[in-house]
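Breakdown of the fold
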Amino acid sequence: MLGKLKLSALDADDLGVISAAVQDALVAVRDCAYFKDEKRFVLLLNRFQWEADPSIGSAHSRTHSALVFNEVTGVQHHNIPLGEPDRMLELLAVILENDGSVALRFATGRAIRLEIGRLACHLGDVGEPWPTPWKPAHPAE
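Residues numbered from 1 in each chain as written. Predicted model: local features only at pLDDT ≥ 70, side-chain atom pairs only at ≥ 80, totals over all residues. Heavy atoms only, no water.

1. Let's talk about the overall build of the protein
To be explicit about the condition: In DSSP terms, a helix is any run of H or I states spanning at least four residues, a strand is any run of E spanning at least two, and both are numbered starting from the N terminus. Restricting the calculation to C-alpha atoms gives the radius of gyration, and the globule rule supplies 2.2 Å times the number of residues raised to the power 0.38. Burial status follows relative accessibility: with a 1.4 Å probe on protein chains alone, a residue under 20% of its type maximum counts as buried, one over 50% as exposed, and anything between as partly exposed. Contacts are assigned to residue pairs with any non-hydrogen atoms lying within 4.5 Å of each other. Note that accessible areas follow from Shrake-Rupley with a 1.4 Å probe, and for residues the cover is restricted to the protein chains shown.
On a plain count of helices and strands, the protein comes out with one helix and ten strands. Taken from the N to the C terminus, the helices and strands of the protein come in the order β-α-β-β-β-β-β-β-β-β-β. Taken over the C-alpha trace, the protein has a radius of gyration of 15 Å; the compact-globule value for 141 residues is 14 Å, and the two agree within 12%. Along the three orthogonal principal directions, the C-alpha set of the protein runs to about 45 × 30 × 30 Å. Classification of the 141 residues of the protein by burial places 40% in the buried group. Looking at the protein alone, contacts between residues at least 24 apart form 68% of all its contacts between residues at least 6 apart. Summed over its atoms, the accessible surface of the protein is roughly 8,000 Å², and 55% of this surface lies on carbon and sulfur atoms.

Laid out in structure tokens, this is it:
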């Protein structure tokens with residue numbers, strides 16, 4: 001059985017590891033929240049477990065995870081359907097931009113930009129994983 005993933009990012013390299021772990025995670029618009037008074041942005045994810053060994057147990061699995069950014073001073077949305085809380089978004093990458101902001105890039109050209117005082121990000125699995133027959137796939141470019 002695979003243990004729960006628990007990662008922290010304080011620099012771009014660390015964030016690259018988290019980005020790889022959350023690639024293809026699914027998140028409902030309602031599960032993206034900015035807590036302005038706490039300077040915290042949280043996403044509750046349905047994360048594909050890329051780190052799982054497909055030769056052990058079920059071939060593929062997903063788990064619920066929380067992706068938390070601290071020291072967030074502002075949030076900008078691009079093409080995020082805020083009026084559709086049940087809309088599912090597919091997270092493709094989490095990137096530390098050259099200007100020090102964090103970009104959450106989703107499929108279909110959607111994005112969230114986090115203005116941060118410094119990078120302080122945490123990813124943690126919550127709950128138990130479940131099997132899925134579908135492995136995310138991306139077209140070759």
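2. Remarks on helix α1 (residues 12–22)
Our working rule: This arc is built from the directions going out from the helix axis to the C-beta atoms. Pairing of N or O atoms within 3.5 Å defines a polar contact, subject to two protein rules: one partner must be a possible hydrogen donor and the other a possible acceptor, and residues neighboring in sequence count only if both atoms are side-chain atoms.
If you check which residues of α1 are buried, you get Leu15, Ile18, Ser19, Ala21 and Val22. One side of α1 holds all its buried residues, which, seen down the axis, span an arc of 160°. Sitting at the amino-terminal end of α1 is Asp11, which places a side-chain oxygen 3.1 Å from the backbone nitrogen of Asp13. Phi turns positive, to about 75°, at Asp24, one or two residues after α1.

3. Considerations on the environment of Val102
Looking at the element boundaries, Val102 is found in strand β8 (residues 102–106). Since its relative accessible area comes to 0%, Val102 is described here as buried. Expressed as a C-alpha distance, the spacing of Val102 and Ser8, which sit 94 residues apart in the sequence, is 15 Å. Setting aside residues up to four positions removed in sequence, Val102 forms contacts with Leu15, Phe69, Val94, Ile95, Leu96, Ile112, Arg113, Leu114, Ile116 and Leu119.

4. Some words on the environment of Glu71
One can find Glu71 in the loop between β5 (61–70) and β6 (72–78). Spatially, the C-alpha atom of Glu71 lies 18 Å from that of Leu44, the residues being 27 residues apart in sequence. Every residue in contact with Glu71, bar those within four places of it in the chain, is listed here: Lys39, Glu115, Ile116, Gly117 and Arg118. Within the structure, Glu71 has its side chain in polar contact with the side chain of Arg118 (distance 2.9 Å).

5. A few points about the environment of Gln23
Position of Gln23 relative to the elements: it lies in the loop between α1 and β2 (25–28). Taking the C-alpha atoms as reference, Gln23 lies 9.4 Å from Gln49; in sequence the two are 26 residues apart.

6. Structural notes on the side chain of Asp125
Checked against the element boundaries, Asp125 lands in strand β10 (residues 121–131). Polar side-chain contacts of Asp125 include one of 2.9 Å to the backbone nitrogen of Leu5. Only 2.9 Å separates the side chain of Asp125 from the side chain of Arg47, close enough to count as a polar contact. Filtering out sequence-adjacent residues up to four positions away, Asp125 remains in contact with Lys4, Leu5, Arg47, Gln49, Thr63, His64 and Ser65.

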